[in-house]
Amino acid sequence: MTSTSSPAFQFLVPTALRVRKFLQILGLCFVILPVIFGALFLGIHVASRQEPQFYRHALEQEAGPQAEAGDQLEQRVLTLHNETRRTGNWQATFTDSQINGWLASDLTEKFSGVLPPEFQNPRVSIESGRALLACGYTDPPIQTVLSMEVNVHLTEQPNVIAIQIHKARAGKLPVPLVRVLNVVSVFARRAEIDLKWMQFEGDPVAELTIPDHREEMKKLLHLEALELHDGEIYLAGRTEATKESGTQNPAAENIHNVRSPAQFHSKPREGVNGIGSN
């Protein structure tokens, strides 16, 4: 019979204690880790379901006033279109309530193929110098609200609008901008909008050229102001007759001969807030 004072017994006792301690720690980990990961998953899930305040408010609007606001937007767009066809100065103001009303009541009905099926209920909030965009996104098991902040301004190139994307989020969680750019590019292709991508101050910038040459009317269209104020966007410009029927403005030629991003450096016009400002 082995004595409790033997060296072998004295060696086995601390070893057994160490094994027991290890098993206790291992068991504790199996208990704690699921709790931690569960809490983390729950936190991520809750954070991803958070909605921007302006988006929640926009979705709460009643259908009747939204349809009326959408009709106002279409009427103002038609008025602006007619004014740009005549020689002289023109201007227009569109409110974010009118834009949201049109998005709610007319977008899916009149342009059903523009928005990918995963995206629902886009809305916008216009503030001084920036715009906030948001929409619902559903791709099971993912269900969240995507939002991003953008700055919009005219560049030094005639009739070229720069849209700088600052932040993108799913709920309160940041989203890699590369995914946002892919979504924006898909949306632009569906809407038959030609975008040119570049970078400014570390942020992606989409450039959109407004065609300035109207051959059928022998007119040139010049967009001279694009300003974001609280709750509205302001546009102003002028239309002039071409000097010769065969003459085309250099900006119009750029529509067909766009330089690569490496050859083009965009910056704001003087007097207009830079796209990096808030």
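Owing to the predicted nature of the structure, the values given are computational and were not obtained by experimental measurement.

Examining the packing of aromatic side chains
Then step 1. For the structure shown, the criterion picks out two aromatic pairs.
Then step 2. Each ring, one from tryptophan 102 and one from phenylalanine 111, has its centre 5.9 Å from the other, and the planes form 50°; the classification is tilted.
Then step 3. The exposure class assigned to tryptophan 102 is buried, which follows from its relative accessible area of 17%.

Some details on the pairing of strand S4 (residues 142-154)
Then step 1. Strand direction decides the pairing type here: strand S3 (residues 130-139) and S4, joined by nine bridges, are antiparallel. Across the sheet, aspartate 139 pairs through a bridge with isoleucine 142, a residue of S4.
Then step 2. With antiparallel pairing between neighbouring strands as the criterion, S3 and S4 make up a hairpin whose turn holds two residues.
Then step 3. The turn joining S4 and strand S5 (residues 160-170), which pair antiparallel and follow one another in sequence, is formed by five residues; a positive phi near 60° is taken by asparagine 159.

A word on the pattern of salt bridges
Then step 1. Tallying each qualifying case throughout the model produces seven salt bridges.
Then step 2. A salt bridge links lysine 110 to glutamate 74, with the shortest nitrogen-to-oxygen separation between them at 2.6 Å. Placement of lysine 110 in helix H5 (residues 107-110) and of glutamate 74 in helix H3 (residues 63-84) is noted, with a sequence separation of 36 residues between them.
Then step 3. With relative accessibility at 29%, the residue glutamate 74 sits in the partly exposed group.
Then step 4. Of the charged contacts in the structure, one is a salt bridge between glutamate 240 and arginine 238, with a shortest N-O distance of 2.5 Å.
Then step 5. Put simply, Glu74, Asp106 and Lys110 are held in one network by salt bridges that share partners.

Let's talk about H3
Then step 1. Between the first and last C-alpha of H3 there are 32 Å, a value that for 22 residues agrees with the 32 Å anticipated at 1.5 Å per step.
Then step 2. Among the residues making up H3, those that are buried are Gln66, Ala69, Gly70, Leu73, Leu80 and Thr84. Summarising the axial view, the buried residues of H3 lie within an arc of 105°, below the 170-degree limit, and thus occupy one face.

Things to note about the confidence of the model for the protein chain
Then step 1. On average, the protein chain scores 75 in pLDDT, and the residues at 70 or more come to 68%.
Then step 2. Looking across the protein chain, the model is least confident in helix H7 (residues 250-256), with a mean pLDDT of 40, and most confident in strand S1 (residues 88-95), with 96.
Then step 3. Note on residues 31-47: pLDDT under 50 across the span, and six contacts to partners over four residues away in sequence or across chains.
Then step 4. The model gives residues 245-278 a pLDDT under 50, and that stretch makes 67 contacts with residues more than four places away or in other chains.

Here's the deal with the nonpolar core
Then step 1. The biggest cluster of nonpolar side chains holds 30 residues, and the ones touching the most others in it are Phe94, Met148, Leu223 and Leu226.
Then step 2. Of all the elements, strand S10 (residues 219-229) adds the most residues to this core, at four residues.
Then step 3. Apart from residues lying up to four places away in sequence, phenylalanine 94 is in contact with Leu73, Arg76, Val77, Leu80, Gly231, Glu232, Ile233 and Leu235.
Then step 4. Ranked by size, the runner-up nonpolar core spans five residues in total, among them Tyr55, Leu132, Ala134 and Val145.

Rules and cut-offs
Residues numbered from 1 in each chain as written. Predicted model: local features only at pLDDT ≥ 70, side-chain atom pairs only at ≥ 80, totals over all residues. Heavy atoms only, no water. Phe/Tyr/Trp six-rings, centres within 6.5 Å; stacked < 30°, edge-to-face > 60°. Buried < 20%, exposed > 50% of the residue type's maximum accessible area, 1.4 Å probe, protein only. Pairing = 2+ DSSP bridges. Helix = DSSP H or I, 4+ residues; strand = E, 2+ residues; numbered from the N terminus. Salt bridge = Lys/Arg side-chain N within 4 Å of Asp/Glu carboxyl O. Expected span 1.5 Å × (residues − 1). Arc of directions from axis to C-beta. pLDDT = per-residue confidence, 0-100. Contact = heavy atoms within 4.5 Å. Core = buried A, V, L, I, M, F, W, Y, C linked by side-chain atoms within 4.5 Å.

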